[in-house]
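Residues per chain are reported as follows:
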Amino acid sequence: MSRKTIAVGADHGGYEMKQELARQLRDMGYSVLDLGTDGADSVDYPDFAELVVKSVIDGEAEQGVLVCGSGIGMSIAANRHKGIRAALCSSEISAELARQHNDANILVLGERLTDISIAKQCVEKFFSTEFEGGRHTRRVKKLG
Ligand code: RB5
């Protein structure tokens, strides 16, 4: 069986956390598609949200992770696209619910607002939790 691919992307405000979470995902056995950014130089978060969104929509990656300073810009940018459900999470329980109830396909984190240990818990939970379906399917369908 081929390994699940997770696309990761960040701007300069989320670069360090993205590097750390990419390592975590590789250690968890996933294949990681790192779409940048590749350093601390200032860049624009919509460009990297776009790359991760496209990889998920095209099926190159099953799910994604986006990180910026607050997580807000990345979630706004990603959620403009049909079929993308990007969840800005700041606790293990929010990451769990994002999968169980919302079938979120992109986990968004804010490096400047969320401790790396919490972010790692979010990653662990998000990628090990299944969508519950049932009544949530009807609701998720209404999102388009
Ligand atoms: C970049 O300084 C910062 O604005 C960005 O990382 C993010 O927080 C935007 O929402």
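Thresholds, definitions, all that
Residues numbered from 1 in each chain as written. Predicted model: local features only at pLDDT ≥ 70, side-chain atom pairs only at ≥ 80, totals over all residues. Heavy atoms only, no water. Patch = residues over 30% accessible without salt bridge, like charges linked within 9 Å, V, L, I, M, F, W, Y side chains within 5 Å. Areas by Shrake-Rupley, 256 points an atom, 1.4 Å probe, with all protein chains shown as cover. Salt bridge = Lys/Arg side-chain N within 4 Å of Asp/Glu carboxyl O. Helix = DSSP H or I, 4+ residues; strand = E, 2+ residues; numbered from the N terminus. Near = heavy atom within 4 Å. Polar contact = N/O pair within 3.5 Å; in protein donor to acceptor, adjacent residues only side chain to side chain. Nonpolar A, V, L, I, M, F, W, Y, C, P; charged D, E, K, R; others polar. Buried < 20%, exposed > 50% of the residue type's maximum accessible area, 1.4 Å probe, protein only.

Asker: Give me the lowdown on a nonpolar patch on the surface, citing residues and values where you can.
Answerer: A contiguous nonpolar patch, built from Ile72, Ile76 and Leu88 and spanning about 270 Å² of accessible area, is present on the exposed surface. Turning to its location among the elements, Ile76 is positioned in helix α3 (residues 72–78).

Asker: I'd like a rundown of the site of the ligand, residues and numbers included.
Answerer: For the ligand, the full set of nearby residues is Asp11, His12, Tyr45, Cys68, Gly69, Ser70, Gly73 and Arg112. Interatomic distance of 3.3 Å between a side-chain N/O atom of Arg112 and an oxygen atom of the ligand. In the complex, the protein chains occlude 71% of the 290 Å² of accessible area that the ligand would expose alone. Split by residue class, the shell around the ligand holds 2 nonpolar, 4 polar and 2 charged.

Asker: Run through the environment of Lys82, naming residues and quoting values.
Answerer: In this fold, Lys82 is placed in the loop between α3 and β4 (86–88). For Lys82, a relative accessible area of 68% translates into the label exposed. Separated by 62 residues in sequence, Lys82 and Gly144 place their C-alpha atoms 6.4 Å apart.

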